[in-house]
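Structural overview
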Amino acid sequence: MNIAYCLSAFSDPVHLARLICALDGADTEFFVHIDRKVDAEPFRQACAAPNVHFLDDRQRVRVYWGTYAQVEFQMRLIRAALDSPRHNDHIFMLSGQDFPLWPNSRIRTFLQEHPDESQLAGICLDSDDVAECNKHIYRLVRPQLDWTWLSATWNDRLSRLWRKVLKVVGCRQALHFTVDSREWRLFKGSDYFCLTRSLAQYAYEQWSTHPEVRRYFSRSFAPSETCIHTIAFNSPDYSRQCSLHHHLLQSGKMFGRKFTTADSTPLLDAIEQHNHDRN
């Protein structure tokens, strides 16, 4: 069983290297996207191993939080993991600030016990079960400019202004859309997950071959939390593969988030010692 870890980072190459070291194994490889707004060289130097593959500069995107750029790098990382000569059975999507709370042995055992299950949870936003206050932001039209002749700062400022204008004039989008004459409902979850190879392939194909999917999510809020989830949960086959599992140690979760070298080193040392004792 081979595992691909897709990682996105924009800061703290030291922690990224520690994360990769914690997850490393004979059956793992890593695919890394570095935000185009920052210099990738410190990350490449910190994580120089044969099984660590960085997306080249042509594939890197300037990332603005909550925008379609995050879907673009997700899909590029998935494509790289699928194209690898190694047949990757499970594909994780993680942040460069994450860290495993489970030892590698437990992660592998869990995946071996659930070979056909994706760790992807979602809630349907196009539902009366979700309060309007929790879904109104997903009705807003939120495009993001990325003109190469403008700085990232000015692209972001103009995008924010554009969104305010669209909001004032009442532009909204529905929480469903049509794909191949069939209505898809919008689902939301975390933008960090684990997919089986087959679901990763299916999600990439649906995204790359249906312009209506790309069009909808290109103007959505936080589409990295909705795009792949919507594709999966609107599939009669893959919706059954996704588990609605509801990541610190007593939580029972596999990963924790938002670690930094500056603030989290003692906690990371404790987690690593805990996992070493359990391996």
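The next subject is the packing of helix 7 (residues 197–209) against helix 8 (residues 211–218). Contact geometry for helix 7 and helix 8: axes closest at 5 Å, N-to-C directions at 85°. In terms of their interaxial angle, helix 7 and helix 8 are classed as roughly perpendicular. Packed against helix 7, whose contacting residues are Gln206, Trp207, Ser208 and Thr209, the element helix 8 presents Pro211, Val213 and Arg214 at the interface. Grouping the amino acids of the contact of helix 7 with helix 8 by side-chain chemistry returns three nonpolar, three polar and one charged.

Right, let's talk about the sheet that holds strand 10 (residues 193–196) for a bit. Two orientations exist for strands paired in a sheet by backbone hydrogen bonds: parallel and antiparallel. The five strands are arranged 3-2-1-4-10 in an open sheet whose pairing can be described as mixed. Either end of the sheet is taken by a strand with one partner, and the two such strands are strand 3 (52–54) and strand 10. Going from strand to strand, the sheet's axes swing by 20° on average, the running direction of each strand aside. Helix-sheet contacts for helix 7 involve strand 4 (90–95) and strand 10, and the interaxial angle to strand 10 is about 95°.

We now examine the nonpolar core. If you look at the biggest cluster of nonpolar residues, it comprises 48 residues, and the most contacted ones within it are Met75, Ile78 and Ile231. Counting residues per element, this core draws most heavily on helix 3 (residues 69–83), which supplies eight residues. Apart from the residues within four sequence positions on either side, Ile231 is in contact with Met75, Trp184, Tyr202, Ala203, Gln206, Trp207 and Val213. Core analysis: the second largest hydrophobic core is formed by 27 residues, Leu94, Ile107, Leu111 and Ile271 among them.

Further remarks concern the packing of helix 3 against helix 7. Running from N to C, helix 3 and helix 7 cross one another at 130°; their axes reach a closest spacing of 10 Å. Accordingly, the angle class assigned to the pair helix 3 and helix 7 is oblique. Helix-helix and strand crossings are classified by hand; for helix 3 and helix 7 the assignment is left-handed. For the pair formed by helix 3 and helix 7, the contact residues are Val71, Met75, Ile78, Arg79, Ala81 and Leu82 on the first element and Arg197, Ala200, Gln201, Ala203, Tyr204 and Trp207 on the second. Each residue belonging to the contact of helix 3 with helix 7 can be placed in one class, and the counts come to nine nonpolar, one polar and two charged.

With 15 residues, helix 3 should cover 21 Å at 1.5 Å per step; its first-to-last C-alpha distance of 21 Å lies within 8% of that length. Taken together, the buried positions of helix 3 are Ala69, Gln70, Val71, Phe73, Gln74, Met75, Leu77, Ile78, Ala81 and Leu82. If you follow the buried residues of helix 3, they end up packed against strand 1 (3–9), strand 2 (28–34), strand 4, strand 10, helix 7 and helix 9 (227–233).

Let us now look at the pattern of salt bridges. The full count for this structure, using the stated rule, is 14 salt bridges. Measuring nitrogen to oxygen at the nearest pair gives 3.4 Å for the salt bridge that ties Asp156 to Arg160. A residue pair is termed a helical-turn pair when its members lie 3 or 4 positions apart in one helix, as Asp156 and Arg160 do in helix 6 (residues 152–168) at four residues.

The subject of this paragraph is helix 8. Since the α-helix packs 3.6 residues into each turn, any two residues three or four apart lie on the same face. Within the sequence span of helix 8, burial applies to Glu212, Val213, Tyr216 and Phe217. Looking down the long axis of helix 8, one finds its buried residues gathered within 125° of arc, a one-sided arrangement. Buried residues in helix 8 make contact with strand 7 (176–179), strand 8 (182–185), helix 7 and helix 9.

The element strand 2 is extensively covered by neighbouring structure, given that seven of its seven residues are classed as buried. Strand direction decides the pairing type here: strand 1 and strand 2, joined by seven bridges, are parallel. When the bridges of strand 2 are listed, Cys6 appears paired with Phe31. Chirality of the crossover, the property in question, places the unit of strand 1, helix 1 (residues 13–23) and strand 2 among those that are right-handed. Here strand 2 pairs with strand 3 via three bridges, running parallel. Bridging from a neighbouring strand, Phe31 pairs with His53 of strand 3. Taken together, strand 2, helix 2 (residues 41–46) and strand 3 form a β-α-β motif whose crossover is right-handed.

Procedures and definitions
Residues numbered from 1 in each chain as written. Predicted model: local features only at pLDDT ≥ 70, side-chain atom pairs only at ≥ 80, totals over all residues. Heavy atoms only, no water. Axes fitted to C-alpha atoms, helices over the stretch in contact; angles between N-to-C directions. Helix = DSSP H or I, 4+ residues; strand = E, 2+ residues; numbered from the N terminus. Parallel < 35°, antiparallel > 145°, perpendicular 65-115°, else oblique. Contact = heavy atoms within 4.5 Å. Nonpolar A, V, L, I, M, F, W, Y, C, P; charged D, E, K, R; others polar. Pairing = 2+ DSSP bridges. Core = buried A, V, L, I, M, F, W, Y, C linked by side-chain atoms within 4.5 Å. Buried < 20%, exposed > 50% of the residue type's maximum accessible area, 1.4 Å probe, protein only. Left-handed = near helix turned anticlockwise from the far one by under 90°. Expected span 1.5 Å × (residues − 1). Salt bridge = Lys/Arg side-chain N within 4 Å of Asp/Glu carboxyl O. Arc of directions from axis to C-beta. Right-handed = clockwise from strand over helix to strand, strands pointing away.

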